[in-house]
Amino acid sequence: MKKVLPWIAVALLAITLIVVVAFVFLQGQNDPKKETSAAVEKKLTADEIVEVSSEITGIKTNLAGNNTIVSVDVVFELKDAKAKEDFEKIKDLVVKPIIIQAFADTQPEELDGAERRSEFNKKLTKLINEALPEPNLTKATFNNFTVAPL
């Protein structure tokens, strides 16, 4: 019995330690006050949205296959007002050709439904950010969107 008693004490101590560590870890995971940058996105006010948004209107081009045409207005949300100012200077020279090229490589089926359009917007945002001197574009969305056969 004297040989087993220390082993029982060590086992109980180890189990207690594991339970305490698990409890502390789980409490940290479920803490509603804890904010992570990926999970929490700051909501902008209406004035802030206008301050950081830019628009390109009246884009009309063919989709891949040349028997379907698309007409869109695209709204861009940038990181800050300075980024918007820089974006405004080059949007017709740099950004508009990227949009036209992206549509030229896109089949009409790739734009069917909200999920596919959202994927296309993410792709467009990535392509434009790669072309900008500084990647300050946070998202691109369609304001008006029309697809029609020729």
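Residues numbered from 1 in each chain as written. Predicted model: local features only at pLDDT ≥ 70, side-chain atom pairs only at ≥ 80, totals over all residues. Heavy atoms only, no water.

**Details of the packing of helix H3 (residues 81-104) against helix H4 (residues 114-131)**
Right, on to step 1. It is at 10 Å that the axes of H3 and H4 come closest, and there the two elements cross at 130°. The angle between H3 and H4 places the two elements in the oblique class. The handedness of the crossing between H3 and H4 comes out as right-handed. Two secondary-structure elements touch here, H3 through Phe 87, Val 94, Val 95, Ile 98, Ile 99, Ala 102 and Phe 103 and H4 through Phe 120, Leu 124, Leu 127, Ile 128 and Ala 131.
Right, on to step 2. In the contact of H3 with H4, the residues fall into 12 nonpolar, no polar and no charged. (Axes fitted to C-alpha atoms, helices over the stretch in contact; angles between N-to-C directions. Helix = DSSP H or I, 4+ residues; strand = E, 2+ residues; numbered from the N terminus. Parallel < 35°, antiparallel > 145°, perpendicular 65-115°, else oblique. Left-handed = near helix turned anticlockwise from the far one by under 90°. Contact = heavy atoms within 4.5 Å. Nonpolar A, V, L, I, M, F, W, Y, C, P; charged D, E, K, R; others polar.)

**Brief notes about the side chain of Lys 84**
Right, on to step 1. By the secondary structure assignment, Lys 84 is in helix H3.
Right, on to step 2. Not counting the four nearest positions on each side in its chain, Lys 84 is found in contact with Val 50, Glu 51, Val 52, Ser 53 and Leu 78.

**Focus: a nonpolar patch on the surface**
Right, on to step 1. Nonpolar side chains collect at one region of the surface, where Val 4, Ile 8 and Leu 12 lie side by side and expose about 260 Å² of accessible area between them.
Right, on to step 2. Among the residues examined, Ile 8 registers a relative accessible area of 40% and is labelled partly exposed. (Patch = residues over 30% accessible without salt bridge, like charges linked within 9 Å, V, L, I, M, F, W, Y side chains within 5 Å. Areas by Shrake-Rupley, 256 points an atom, 1.4 Å probe, with all protein chains shown as cover. Salt bridge = Lys/Arg side-chain N within 4 Å of Asp/Glu carboxyl O. Buried < 20%, exposed > 50% of the residue type's maximum accessible area, 1.4 Å probe, protein only.)

**Brief notes about the packing of aromatic side chains**
Here a ring pair, both rings aromatic, is described through the centre-centre distance and the interplanar angle of the planes.
Right, on to step 1. Per the counting criterion, the structure on display carries 5 aromatic pairs.
Right, on to step 2. Here the aromatic residues Phe 103, Phe 120, Phe 142 and Phe 145 are joined through ring pairs into a cluster of three or more. (Phe/Tyr/Trp six-rings, centres within 6.5 Å; stacked < 30°, edge-to-face > 60°.)

**Some thoughts on the sheet that holds strand E2 (residues 68-78)**
Sheet strands pair via backbone hydrogen bonds, and the direction of the pair is either parallel or antiparallel.
Right, on to step 1. Read from one edge of the open sheet, 3 strands run E1-E2-E3, paired in antiparallel fashion. One side of each edge strand has no neighbouring strand; the edge strands of this open sheet are strand E1 (53-62) and strand E3 (137-149). Looking at each pair of strands side by side, their axes are set apart by 15° on average, direction ignored.
Right, on to step 2. Against the sheet, H3 engages E1, E2 and E3, with an angle of about 25° to E1.
Right, on to step 3. The strands that H4 touches are E2 and E3; relative to E3, the one it contacts most, it runs at about 125°. (Pairing = 2+ DSSP bridges.)

**Describing helix H1 (residues 4-29)**
Right, on to step 1. Counted at 1.5 Å a residue, the expected span for H1 with its 26 residues is 38 Å, and the 38 Å between its end C-alpha atoms agrees.
Right, on to step 2. By the criterion of burial, H1 is predominantly exposed, with just 0 of the 26 residues buried. (Expected span 1.5 Å × (residues − 1).)

**What about the pattern of salt bridges?**
Right, on to step 1. In total, this model carries 3 salt bridges according to the counting rule given.
Right, on to step 2. With its nearest N and O atoms 3.1 Å apart, the salt bridge here joins Lys 91 to Glu 88. Of this pair, Lys 91 and Glu 88 both sit in helix H3, 3 residues apart, which is roughly one turn of the helix.
Right, on to step 3. One salt bridge connects Lys 126 with Glu 130, and the closest N-O pair in it is separated by 3.8 Å. Remark: Glu 130 and Lys 126 occur in helix H4; sequence separation between them is 4 residues, near one turn of the helix. Assigned by exposure class, Lys 126 and Glu 130 land together as exposed.

**Considerations on the side chain of Thr 125**
Right, on to step 1. Examined against the element boundaries, Thr 125 turns out to sit in helix H4.
Right, on to step 2. Ignoring sequence-local partners within four residues, the contact set of Thr 125 consists of Leu 137, Thr 138, Lys 139 and Ala 140.

**A closer look at the environment of Ile 98**
Right, on to step 1. Turning to its location among the elements, Ile 98 is positioned in helix H3.
Right, on to step 2. By relative accessible area, Ile 98 is classed as buried at 18%.
Right, on to step 3. Between the C-alpha atoms of Ile 98 and Asn 121, which are 23 residues apart in sequence, the distance is 12 Å.
Right, on to step 4. Beyond its immediate chain neighbours, meaning those up to four positions away, Ile 98 contacts Leu 127, Ile 128 and Ala 131.

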